[in-house]
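Fold and contact review
Each chain is listed here by its residues.
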Amino acid sequence: MQLSVIIVNYNVKFFLEQSLCSVKKAIEKIDAEVLVVDNCSSDGSVDYLQKNFPWVKFIANNKNEGFAKANNIALKQCSGNYILFLNPDTIIPENILEHCLDFFNNHSRAGAVGVKMVDGAGNFLPESKRSFPSPAVSFFKLSGLSSLFPRSKFFNRYALGFLDKNEVHEVDVLCGAFLMVKKNILIQLGGFDEEFFMYGEDIDLCYRIQKGGNKIYYFGDQTIVHFKGKSSKKNSSDYIRIFYRAMLVFVKKHYGNAWKTRILLTMGIYIRASISLVIPLFKHQKKLQDNKTAIPNILLMGDPISVAEAHNIIKHNMPKAAIKKFQSLDLLSMQDKYGEIVFCTGELSYKESIQLAVNAKNNFSYKWHGLHTKSIAGVYKKFTGEVYYLTDEIS
């Protein structure tokens, strides 16, 4: 078997539903399998999805094992020569997996590949390509100098801001939201380090892959959507605690013998964590609340059948929503500044819809609806994840 796709789910069944719709199209020409590990979700994810995606193998954990351990559980059951670790809040285009596999076949030293990611408003996500958190790199990141000089090779090495985001590059770190790795390398390394409950495990794995003599590549010419903001809320104290604990684990593991380096990074991590906890993002919250009071202006894009399904779902959730329907993509430039686009992917390709989201100049937010599904998933503006769905009673 060529490829095994592993997705870890925790209480995001509607996002996963839409992600699986895109994955299904992406594996049509590939000998592949898809494994979903559910970390003891309380939203009925397995029961809801299992009947609608019989081609997916579901693994239900009895407790939340964390991201690293859940992936390792599935890894032991995989048959593919390559493993794709994919987040449940992602949308991928039809040809992307074939492109990655072809690259592996033509580059024997490639150990892992990743792609350009954009958020639910079509904005580039800098974590798509990164370097290792060395003392200097971490200091510039934590001090804010990397943000002041985003294209500087000296100040912004963390996000590799000096590398063109639209080109192919050899890099240090890829994001675990879309990370394809040779299975034999994963077996040799023992998979993810389970000391990382969530966050940091992708940095650690990339570090060990490179240490073993393999290369890591970033594809800036291949784009996926990573909604973010639903599986984890980055302003919450829980997120901050878990994230910075992960950074401390990485520092202790890989800089343990250099005590000065470890102290410097540890101090920086605690300082940054303290700042994140102390300063509330009240402006962000106020903007979100203000926008929520407006009657949504929603544009449905796609074939008539899929659009009709999406229309029914939206009206069930928001009877007062102003809904417009379009089939011609060039009409988007004429719409309101704060419009919301729902891509109805019956005949409309994921590749085409993702590219439009990236290229659109307006301040749109985007959602996707897979044909014959009961949900629509995406973001409200660019701030937070949002879904519309039909209840079982009326479906």
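Now for a description of the structure that goes with this document. (Residues numbered from 1 in each chain as written. Predicted model: local features only at pLDDT ≥ 70, side-chain atom pairs only at ≥ 80, totals over all residues. Heavy atoms only, no water.)

1. What to know about the overall build of the protein chain
The condition that has to hold: Elements are defined by DSSP. Helices are runs of H or I of four residues or more, strands are runs of E of two residues or more, and each kind is numbered from the N terminus. Here's how the labels work: a residue is buried when its accessible area is under 20% of the maximum for its type, exposed when over 50%, partly exposed in between, all with a 1.4 Å probe on protein chains only. Pairs of residues are marked as contacts when any of their non-hydrogen atoms sit within 4.5 Å. Here the Shrake-Rupley method, with its probe set to 1.4 Å, supplies the accessible areas, and only the displayed protein chains count as covering residues.
Scanning the protein chain from terminus to terminus reveals 13 helices and 17 strands. Put simply, the protein chain has 395 residues, and 53% of those count as buried. In the protein chain, the proportion of contacts linking residues at least 24 apart, taken out of those at least 6 apart, comes to 76%. Of the accessible surface of the protein chain, which amounts to about 18200 Å², a share of 53% is contributed by carbon and sulfur atoms.

2. So, the pairing of strand E4 (residues 82-86)
In regular strands, side chains alternate between the two faces of the sheet. Rules: Two strands pair under a simple rule: DSSP has to find at least two bridges between them.
Burial of E4 is extensive: 5 of the 5 residues sit out of reach of the surface. Because side chains alternate across E4, one face comprises the buried residues Tyr82, Leu84 and Leu86, and the other comprises Ile83 and Phe85, equally buried. Pairing analysis gives 5 bridges linking strand E1 (residues 3-9) to E4, with the strands arranged parallel. Following the sheet pairing, Ile6 is matched in E4 by Phe85. Relative to strand E10 (residues 178-182), E4 runs antiparallel, the two sharing 5 bridges. The residue bridging Leu86 from the neighbouring strand is Phe178, located in E10.

3. Some details on the packing of aromatic side chains
As a reminder of what qualifies: Ring pairs shown here join Phe, Tyr and Trp side chains whose ring centres sit within 6.5 Å, with only the six-membered ring taken for Trp; geometry is labelled stacked below 30 degrees between planes, edge-to-face above 60, and tilted in between. Should the NZ of a Lys or the CZ of an Arg lie within 6 Å of a ring centre and within 35 degrees of the ring normal, that charge is described as sitting over the ring.
Tallied over the full model, the rule gives 14 aromatic pairs. Relative to Trp368, the ring of Phe343 lies with its centre 5.1 Å away and its plane at 45°, an arrangement referred to as tilted. Linking Phe343 in strand E14 (residues 340-345) with Trp368 in strand E15 (residues 365-370), this pair joins segments that are 25 residues apart in sequence. There is no split in this pair, since Phe343 and Trp368 are both buried. By the ring-pair criterion, three or more aromatic residues cluster together here, those being Phe15, Phe227, Phe343, Phe364, Tyr366 and Trp368. The positively charged end of Lys13 is found above the aromatic ring belonging to Tyr48, 5.0 Å away from the centroid.

4. Quick word on the environment of His107
This is how it is decided: Counting of polar contacts relies on pairs of N or O atoms within 3.5 Å, with two restrictions inside protein: one atom must be capable of donating a hydrogen and the other of accepting it, and residues adjacent in sequence are counted only when both atoms are side-chain atoms.
Checked against the element boundaries, His107 lands in the loop between helix H4 (96-106) and strand E6 (110-118). Classification of His107 by relative accessible area gives partly exposed; the value is 31%. Placed 108 residues apart in sequence, His107 and Lys215 show a C-alpha to C-alpha distance of 9.4 Å. Polar side-chain contacts of His107 include one of 2.9 Å to the backbone oxygen of Phe103.

5. Some thoughts on H4
Note the following rule: This arc corresponds to the set of directions leading from the helix axis out to the C-beta atoms.
Within H4 the residues assigned to the buried category are Ile96, Leu97, Cys100, Leu101, Phe103 and Phe104. One face of H4 carries all of its buried residues, which in axial projection span an arc of 155°. Of the exposed residues in H4, the ones pointing more than 90 degrees away from its buried face are Asn105 and Asn106. In this structure, the buried residues of H4 make contact with E1, helix H1 (13-26), E4, E6, E10 and strand E11 (215-226).

6. Quick notes on the sheet that holds strand E12 (residues 297-302)
The test is simple: Only C-alpha atoms enter the line fits that serve as axes; for helices the fit covers just the stretch in contact. Angles between N-to-C directions range over 0 to 180 degrees.
Taken in spatial order, the 6 strands make up an open sheet running E13-E12-E14-E15-E16-E17, and their pairing is mixed. Each of the sheet's edge strands pairs with one partner strand only, and the pair in question is strand E13 (322-326) and strand E17 (384-389). In this sheet, neighbouring strand axes are inclined to one another by 20° on average, regardless of whether the strands run parallel or antiparallel. Inspection of the sheet shows strand E16 (residues 375-380) paired to E17 by 6 bridges, in the antiparallel sense.

7. Remarks on the side chain of Asn61
With respect to the secondary-structure elements, Asn61 resides in the loop between strand E3 (56-60) and helix H3 (67-75). The class of Asn61 is buried, set by a relative accessible area of 10%. When neighbours within four sequence positions are excluded, Asn61 is seen to be in contact with Val37, Asp38, Asn39, Cys40, Ala70 and Ile73.

8. Overview of the pattern of salt bridges
Rules: For this analysis, a salt bridge means a side-chain nitrogen from Lys or Arg found within 4 Å of a carboxyl oxygen belonging to Asp or Glu.
By the definition in use, this model includes 5 salt bridges. For Glu65, the salt bridge identified is with Lys69, shortest N-O distance 3.4 Å. Taking relative accessible area as the criterion, Glu65 reaches 18% and is therefore assigned buried. In this structure, the salt-bridge partner of Glu386 is Lys367, at a minimum N-O distance of 2.9 Å. With a gap of 19 residues between them, Glu386 in strand E17 and Lys367 in strand E15 connect regions that are remote in the sequence. There is no split in this pair, since Glu386 and Lys367 are both buried. One network of salt bridges, in which partners are shared, links Glu340, Lys367 and Glu386.

9. Re the nonpolar core
To keep it simple, the criterion reads: Among the buried residues, those of types Ala, Val, Leu, Ile, Met, Phe, Trp, Tyr and Cys that are joined through side-chain atoms within 4.5 Å form a nonpolar core.
Core analysis: the biggest nonpolar cluster contains 62 residues, and Ile92, Leu97, Phe178, Met180, Phe343 and Trp368 have the highest contact counts within it. The greatest single-element share of this core, amounting to 7 residues, is contributed by H1. Leaving out residues up to four positions away in the same chain, Met180 has contacts with Leu3, Tyr82, Ile83, Leu84, Leu97, Cys100, Leu101, Phe104, Gly111, Ala112 and Val113. In this structure, Ala68, Ala70, Val181 and Ile185 belong to the second largest nonpolar core, which totals 31 residues.

10. Comments concerning unusual backbone geometry
For Asn11, which is not glycine, the phi torsion reads 60° and is therefore positive. If you trace the backbone, Asn11 turns up in the loop between E1 and H1. By relative accessible area, Asn11 is classed as partly exposed at 24%. Backbone geometry places His372, a non-glycine residue, at a positive phi of 65°. Secondary-structure assignment places His372 in the loop between E15 and E16.

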